[in-house]
Amino acid sequence: MRNTLLEELEENGYVIFENFLLPEEVEEVRNAGQNLCLEAPKESRTIFSTVNCNNNQNKEKYFIESGDKVRYFFEEGALDDKGDLIVKPENALNKVGHSLHTDHDVFKKYTFSHRVREVCWQLGYKRPAIPQSMYIYKNPGVGGEVTAHQDGTFLYTEPASTIGFWIALNDATVQNGCLQFIKGSHKSGVHRRYIRNPDKSSNELIIYDRPPPIYPASNFTPVPVEKGTLVLIHSQVVHRSNQNKSNKERHAYTFHVIETDGVTYSEENWLQPNPDASFPILYE
């Protein structure tokens, strides 16, 4: 079993686990995500977008300092020019991150569950740690596109060890923006990095180290899954999701695991552990 899981991940760049969460567990996590909408800030709302490079996330400390905090990021289509909501609060958020796994009891329970530990053990991790977590909303109509990317762009380790746990909290379909992958693309290395700007005089706190690669749309394979499904994502597999143009939400809870035994987490990564505390360890 151990070799089978690793072999599948290394062949395709992703693995699908159906029924990873039971229906009642899905509801518990979804309810927790919905409740976060009520806790979102009323002022100084921050937009998150992977499409519009003119948004402020690269310049704002709110984003770069979110590694050990729970912070709220809105959809572009949810706010007017003054930053006021033009949709219902439960439909306004793009995501909440990046420390749900340590700062929220429900997300902490599922992130540090025996099931997650078992998957990491089967993949051969010796001392896995969790650097970040996110609740992703992808709400009807406003749920934005996530452009083609590799997780290793953002969470780079040497050797490569980052693995994404992406758990569907609704049925994810082609219509509401399911994940899409380029099978086998993880075998070509990390194509670009998202790093802390070494130029301290610049107002850009985080930068990409090179232009975005061009990936033909025909190379992507949509991967629709039912709610409760876990999708394991290799750090270097290219994936994306389209805008949610349906009338159905597509919520997901996602977090990342890295190896810390014999592996170096890049000091250039945008996300850095708190100087007073390292990333929490799953087991050792």
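The structure under discussion appears in the preceding block.
Residues numbered from 1 in each chain as written. Predicted model: local features only at pLDDT ≥ 70, side-chain atom pairs only at ≥ 80, totals over all residues. Heavy atoms only, no water.

**With respect to the overall build of the chain**
Spelled out, the test is: Secondary structure elements are defined from DSSP: runs of H or I of at least 4 residues count as helices, runs of E of at least 2 residues count as strands, and each element is numbered from the N terminus. The quantity called the radius of gyration is restricted to C-alpha atoms. Its globule counterpart is 2.2 Å times the number of residues to the power 0.38. For every residue, the accessible area (1.4 Å probe, protein chains only) is compared with the maximum for its type, and the residue is labelled buried under 20%, exposed over 50%, or partly exposed between those bounds. Any two residues having at least one pair of non-hydrogen atoms within 4.5 Å are treated as being in contact. Accessibility throughout is a Shrake-Rupley quantity obtained with a 1.4 Å probe, and a residue counts as covered only by protein chains that appear here. Residues scored as charged are limited to Lys and Arg (positive) and Asp and Glu (negative), so that His and the chain ends carry no count. Here the site of a charge means atom NZ of a Lys, CZ of an Arg, CG of an Asp or CD of a Glu.
Scanning the chain from terminus to terminus reveals 6 helices and 16 strands. In terms of overall dimensions, the chain is globule-like: its C-alpha atoms have a radius of gyration of 18 Å, near the 19 Å expected for 284 residues. Principal-axis analysis of the C-alpha atoms places the extent of the chain at approximately 55 × 50 × 40 Å. Going through the 284 residues of the chain one by one, you find that 51% of them count as buried. Long-range pairs, those at least 24 residues apart, make up 82% of the contacts in the chain between residues at least 6 apart in sequence. Working note: accessible area of the chain is about 13,400 Å², and carbon and sulfur atoms make up 48% of it. A distance of 2 Å separates the average location of the 30 positive side-chain charges in the chain from that of its 38 negative side-chain charges.

**A word on unusual backbone geometry**
Residue H98 follows G97 across a cis peptide bond; omega there is 15 degrees. With respect to the helices and strands, the residue H98 is situated in strand β4 (residues 93–98). Cis peptide bonds are those with omega within 30 degrees of zero, and the linkage from E158 to P159 qualifies with -10 degrees. In this fold, P159 is placed in the loop between β7 (157–158) and β8 (163–168).

**Quick word on a negative patch on the surface**
To keep things clear, this is the line we draw: Residues forming no salt bridge and having over 30% relative accessible area are the ones grouped into patches, like charges within 9 Å of each other and nonpolar side chains (Val, Leu, Ile, Met, Phe, Trp, Tyr) within 5 Å. What makes a salt bridge here is a side-chain nitrogen of Lys or Arg within 4 Å of a carboxyl oxygen of Asp or Glu, nothing more.
Taken together, the side chains of E7, E8, E10 and E11 define an acidic patch exposed on the protein surface. If you trace the backbone, E11 turns up in helix α1 (residues 2–12).

**What to know about the layout of surface pockets**
The test is simple: Every definition here rests on a 1 Å grid over the protein atoms only: cavities are sets of points where a 1.4 Å probe fits but cannot get out, pockets are open sets enclosed by protein on both sides within 12 Å along at least five of seven lines, and lining residues have some atom within 4 Å of a point. Grid points are joined across faces, edges and corners, and a volume is the space filled by probe spheres set on the points. Ten residues, namely Ala, Val, Leu, Ile, Met, Phe, Trp, Tyr, Cys and Pro, are considered nonpolar, four, namely Asp, Glu, Lys and Arg, are considered charged, and the remaining ones, Gly among them, are considered polar.
By volume, the second largest pocket is sized at about 250 Å³. Surrounding the second largest pocket, 15 residues form its lining, L6, L9, Y125, A160 and S161 being those nearest its centre. Taken together, the residues of the lining of the second largest pocket break down into 8 nonpolar, 5 polar and 2 charged.

**Quick look at the nonpolar core**
Defined as follows: Among buried residues, those of type Ala, Val, Leu, Ile, Met, Phe, Trp, Tyr and Cys that are joined through side-chain atoms within 4.5 Å constitute a nonpolar core.
V29, F165, L232 and V257 are the most contacted members of the largest nonpolar core, which has 43 residues in total. Looking at this core element by element, the count peaks at 5 residues for helix α2 (residues 23–39). Those residues in contact with F165 that lie beyond four places of it in its chain are V116, V119, C120, L230, V231, L232, Y253, T254, F255 and V257. Formed by 13 residues, the second largest nonpolar core is a distinct cluster that contains Y14, A168, V231 and V237.

**Section: the side chain of T162**
The condition is simple: Polar contacts, as used here, are pairs of N or O atoms within 3.5 Å; protein pairs need one atom able to donate a hydrogen and one able to accept it. Residues neighboring in sequence count only if both atoms are side-chain atoms.
Assignment of secondary structure puts T162 in the loop between β7 and β8. T162 gets classed as buried once you look at its relative accessible area, which sits at 4%. Looking at T162, its side chain comes within polar contact range of the main-chain oxygen of L155, at 2.8 Å.

**Some words on the sheet that holds strand β14 (residues 239–241)**
Note the threshold: Between any two strands, at least two bridges found by DSSP are needed for them to pair.
In space, the 4 strands of this open sheet follow the order β6-β14-β9-β12, with antiparallel pairing throughout. The sheet is open, and its two borders are formed by β6 (146–149) and β12 (221–222), each paired with just one other strand.

**Structural notes on the environment of F255**
Relative to the elements of secondary structure, F255 occurs in strand β15 (residues 252–259). On the accessibility criterion, F255 (0% relative accessible area) is buried. As a C-alpha pair, F255 and G97 span 158 residues in sequence and 9.5 Å in three-dimensional space. Not counting the four nearest positions on each side in its chain, F255 is found in contact with T111, V116, I130, Q132, S133, I163, G164, F165 and I167.

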